[in-house]
Amino acid sequence: MPEAAALDRDSAMGANSPIVQAAERLVTRIEALVNQVAELKADNAALRREVREAVALIDRAGDAAAPPRAARRAAAPVARHAKSRRRGKGPKGRATPASVTPDIVLATIGKLGSASASEIARELSGLGDQVSGRAVRWLAERAGAATVVGEDGQLRYRLPASTPRPS
């Protein structure tokens, strides 16, 4: 089996093969690039040092030229339209008053007969506790009120045929 060095030699000319010559040229170029990168890194480090020194000089000049401040001035208030009012988020938790219970909703249904959730809510709100139709629907369903679709297509609540037992 021929040796590796023998394969790299051109048998006719006794010189290196074109592949070896191309590889040597590439190695030379790579070495030149490595040297260039090293020079650029050194220049970069020097430039960074100069920039840091310049920033420090500007900071010192600004501190020397500016009068000392005792406290930071408050920002000017934002001008708003006189009638506009910013609405914040309401508190989380129970939106329905604690005094409005399923029993109270059933009592109101008994007083009104057959009524929609909005009619029941209006009656309860008139007594001083603001309550929504959605809350009335939720409470009436939990209290066991019977539901009927009225002639107008609205869901109406009435007292159940038998009083539900507490769970």
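These figures come from a predicted structure and were not determined experimentally.

Caption draft 1: Geometry of the packing of helix α3 (residues 102–112) against helix α5 (residues 133–143). Packing of α3 against α5 brings their axes to within 8 Å, and their N-to-C directions diverge by 95°. Classified by the interaxial angle, the pair formed by α3 and α5 is roughly perpendicular. Contact residues: α3 offers P102, V105, L106 and I109, while α5 offers V136, L139, A140 and A143. A breakdown of the residues in the contact of α3 with α5 according to their chemical character gives eight nonpolar, no polar and no charged.

Caption draft 2: Seen up close, the nonpolar core. In terms of nonpolar packing, the biggest core is built from 17 residues, with V105, I109, I120, L124, V131, V136 and Y157 touching the most fellow members. If you list the elements that add at least two residues to this core, you get α3, α4 (117–126) and α5. For this core, the leading source of residues is α5, giving five residues. Those residues within four positions of I109 in sequence are excluded, and the remaining contacts are I120, A140, A145, Y157, R158 and L159.

Caption draft 3: Spatial organisation of a nonpolar patch on the surface. A cluster of nonpolar side chains, namely L26, I30 and V34, defines an oily patch on the protein surface of about 290 Å² accessible area. Topologically, L26 is positioned in helix α2 (residues 18–65). Looking at L26, the relative accessible area reads 49%, which means it is partly exposed.

Caption draft 4: Region of interest: the sheet that holds strand β2 (residues 146–149). With antiparallel pairing, three strands are arranged side by side in an open sheet as β1-β3-β2. Looking at the sheet topology across the chains shown, the edges are occupied by β1 (115–116) and β2. Direction of pairing for β2 relative to strand β3 (residues 155–158): antiparallel, over a ladder of four bridges. The partner of V148 across the bridge, within β3, is R156.

The rules we used
Residues numbered from 1 in each chain as written. Predicted model: local features only at pLDDT ≥ 70, side-chain atom pairs only at ≥ 80, totals over all residues. Heavy atoms only, no water. Axes fitted to C-alpha atoms, helices over the stretch in contact; angles between N-to-C directions. Helix = DSSP H or I, 4+ residues; strand = E, 2+ residues; numbered from the N terminus. Parallel < 35°, antiparallel > 145°, perpendicular 65-115°, else oblique. Contact = heavy atoms within 4.5 Å. Nonpolar A, V, L, I, M, F, W, Y, C, P; charged D, E, K, R; others polar. Core = buried A, V, L, I, M, F, W, Y, C linked by side-chain atoms within 4.5 Å. Buried < 20%, exposed > 50% of the residue type's maximum accessible area, 1.4 Å probe, protein only. Patch = residues over 30% accessible without salt bridge, like charges linked within 9 Å, V, L, I, M, F, W, Y side chains within 5 Å. Areas by Shrake-Rupley, 256 points an atom, 1.4 Å probe, with all protein chains shown as cover. Salt bridge = Lys/Arg side-chain N within 4 Å of Asp/Glu carboxyl O. Pairing = 2+ DSSP bridges.

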